[in-house]
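Topology and contacts: notes
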Amino acid sequence: FLKIIEFFVKKNYVIIIPIYQASQADWYCDNRIHEAQFYKYLTNFLIPNKIFEIEILAWSMGGIIYKGFEKYLSLQKQPHIEIKRVFLFEPLITTRAAIDTYFSQIRSYSSTLEIFNSFTRDKYRYFNLVFSYILHTEIGFFASNSIGYFSSIELINSFKENYPRYIFISESDIIFNSHSDKQILQSNFREECIFSDKGYHGSWLYKNKLLIPKLEQIVK
């Protein structure tokens, strides 16, 4: 994320990186927090600091957290905070992806691996081994049970907000790709806001030479 952060800093953005503890990428997860508490803490930080207009950048499971925060603001009828724009990188926001990842906690590792291998080319089988393994550890369990996967996902034509969203897709991605999630993509995103490239989950973050010029087109 370093190059992305540097890009927005140069554009005079104030960068806030809220850490959702239950989904940290380490082995010392805290399963006492739930997403609703996280959204409350975040809101209680933004308002006293007079940060009322925000843009959100989310990757992978951050897509679910973004959608949860959007819903939280709606349910709270929060008049202060307004989402102005969203950047999504390979987001987990579809029913298909939620099922494939959430239910890994009750099925076997080999079954998860088989599902993932069915989505990707053979060159990514090693990545699938690692990805499947992580989902079957404490990290996967805590993250899955602290986030309302199925209360925050998007259905066809379910996005009704008026702010622009930009989505970056890797075509061999397990979480979101233009083949498996074609209907969601066409109904919930504008064509000019969709950026697609070859690669696996995380490829857009890795390819800064490709990503930064795309962001330059969007953020003037």
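Structural data are supplied above this passage.
Now for a look at the structure at hand. (Residues numbered from 1 in each chain as written. Predicted model: local features only at pLDDT ≥ 70, side-chain atom pairs only at ≥ 80, totals over all residues. Heavy atoms only, no water.)

In this section: the packing of helix H2 (residues 35-46) against helix H3 (residues 62-75). Two elements in contact, H2 and H3, have axes separated by 10 Å at closest approach and are oriented at 65°. In terms of axis orientation, H2 runs roughly perpendicular to H3. Of the two possible hands of crossing, H2 and H3 adopt the one that is right-handed. Here Glu35, Ala36, Phe38, Tyr39, Lys40, Leu42, Thr43 and Leu46 of H2 come into contact with H3, specifically with Ile64, Ile65, Gly68, Phe69, Tyr72 and Leu73. (Axes fitted to C-alpha atoms, helices over the stretch in contact; angles between N-to-C directions. Helix = DSSP H or I, 4+ residues; strand = E, 2+ residues; numbered from the N terminus. Parallel < 35°, antiparallel > 145°, perpendicular 65-115°, else oblique. Left-handed = near helix turned anticlockwise from the far one by under 90°. Contact = heavy atoms within 4.5 Å.)

On to the side chain of Thr101. With respect to the helices and strands, the residue Thr101 is situated in helix H4 (residues 95-102). Judged by its relative accessible area of 2%, Thr101 falls in the buried class. Looking at Thr101, its side chain comes within polar contact range of the main-chain oxygen of Ala98, at 3.4 Å. Setting aside residues no more than four positions away along its own chain, Thr101 makes contact with Leu92, Arg107, Leu135, Ser144, Tyr149 and Ile175. (Buried < 20%, exposed > 50% of the residue type's maximum accessible area, 1.4 Å probe, protein only. Polar contact = N/O pair within 3.5 Å; in protein donor to acceptor, adjacent residues only side chain to side chain.)

Tracing the chain through its elements places Ile54 in strand S1 (residues 53-59). When its relative accessible area of 11% is taken as the criterion, Ile54 is described as buried. Taking C-alpha positions, Ile54 is 5.1 Å from Ile83, a pair spaced 29 residues apart along the chain. Ignoring anything within four residues of it in the chain, the contact list for Ile54 reads Leu46, Phe69, Ile81, Glu82, Ile83, Lys84 and Arg85.

This part covers a nonpolar patch on the surface. Taken together, the side chains of Tyr109, Tyr126, Phe127, Leu129, Val130, Tyr133 and Ile134 make up a nonpolar region of the molecular surface, amounting to roughly 670 Å² of accessible area. Residue contributions to the nonpolar patch peak at 6 residues, all from helix H6 (residues 125-135). Within the fold, Tyr126 resides in helix H6. (Patch = residues over 30% accessible without salt bridge, like charges linked within 9 Å, V, L, I, M, F, W, Y side chains within 5 Å. Areas by Shrake-Rupley, 256 points an atom, 1.4 Å probe, with all protein chains shown as cover. Salt bridge = Lys/Arg side-chain N within 4 Å of Asp/Glu carboxyl O.)

With the rule as written, the count across this model stands at 9 salt bridges. Note that Glu55 and Arg85 form a salt bridge whose closest N and O atoms lie 2.9 Å from each other. Taken together, the residues Glu55 in strand S1 and Arg85 in strand S2 (residues 82-89) connect sequence positions 30 residues apart. For Asp122, the salt bridge goes to Arg125, with nearest N and O atoms at 2.9 Å. The class for Asp122 is exposed, based on a relative accessible area of 57%. Shared partners join several salt bridges into a network, and the residues in it are Lys67, Glu70, Glu154 and Arg165.

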